[in-house]
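# Breakdown of the fold
Next come the chains, spelled out residue by residue.
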Amino acid sequence: MSVGETPITVVGNLAADPELRFTPSGAALVKFSVASTPRSYDKTSGQWQDGTAMFLRCTAWRDLAQHVAESLTKGMRVVVTGRLRQHNWQTEQGENRSMLALEVDDIGPSLRFATAKVDRVQRNGATSGPAADAWHTAAPAGATSGAGNEPPF
């Protein structure tokens, strides 16, 4: 992260399925929106009150983009970290516009109200199994028992 960048973490729900695209050079990018709605408890009514929902447009690149597109769908609660960016432009009528967006560094499902099964992906794209697990140690050839079953620490 560079000096002057604004890091942020947002917890919310995906407003729609992530949209996976590819640049002309072949780099993957995914765009999605996270909706985050503040809630507060009103003691007088004894009920929870929803505040104004915030929709934050997010973009992730390369492998992360493909993992998001393969793993997450509309409505899932996610935890997103990244760098806040302001985009400025001018309309055809000459009006100045701006919008805040999140350039995603990391994202995952929130486990507050759900469970997840994680499949580690190797850099070549293959998912890992026991043979690729860093803690899996096979017994050396000719070994009897014990040595290959101990953790590597």
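Everything that follows concerns the structure shown earlier in this document.
Quick caveat, the model's predicted, so the values are computed rather than measured. (Residues numbered from 1 in each chain as written. Predicted model: local features only at pLDDT ≥ 70, side-chain atom pairs only at ≥ 80, totals over all residues. Heavy atoms only, no water.)

### Remarks on unusual backbone geometry
With phi around 55°, R62 is a residue other than glycine that occupies positive phi space. Structurally, R62 can be placed in helix 1 (residues 62–71). (Helix = DSSP H or I, 4+ residues; strand = E, 2+ residues; numbered from the N terminus.)

### Observations regarding the pairing of strand 1 (residues 6–14)
By the bridge criterion, 8 bridges tie strand 1 to strand 7 (residues 77–90) in an arrangement that is antiparallel. Of the residues in strand 7, the one forming a bridge with V11 is V79. Two elements, strand 1 and strand 3 (residues 28–36), share 2 bridges in a ladder whose sense is antiparallel. Among the inter-strand pairings, N13 is bridged to a residue of strand 3, identified as A35. (Pairing = 2+ DSSP bridges.)

### A word on the packing of aromatic side chains
One pass over the structure, following the stated rule, counts 1 aromatic pair. An angle of 65° between the planes, with centres 5.4 Å apart, marks the rings of Y41 and W48 as edge-to-face. (Phe/Tyr/Trp six-rings, centres within 6.5 Å; stacked < 30°, edge-to-face > 60°.)

### Considerations on the pattern of salt bridges
Oppositely charged side chains can form a pair if their charged atoms are brought close together. Applying the stated rule across the entire model yields 8 salt bridges. Put simply, E19 and R57 hold a salt bridge, and the shortest N to O gap is 3.7 Å. One end of the pair, E19, is in strand 2 (residues 19–22); the other, R57, is in strand 6 (residues 54–61), and 38 residues separate them in sequence. The exposure class of E19 is partly exposed, given its relative accessible area of 34%. For R57, a relative accessible area of 26% translates into the label partly exposed. One salt bridge connects D105 with R83, and the closest N-O pair in it is separated by 2.7 Å. Taken together, the residues span a long stretch of sequence, with D105 in strand 8 (residues 96–109) and R83 in strand 7 at a distance of 22 residues. Through salt bridges with shared partners, one network takes in R83, R85, E103 and D105. (Salt bridge = Lys/Arg side-chain N within 4 Å of Asp/Glu carboxyl O. Buried < 20%, exposed > 50% of the residue type's maximum accessible area, 1.4 Å probe, protein only.)

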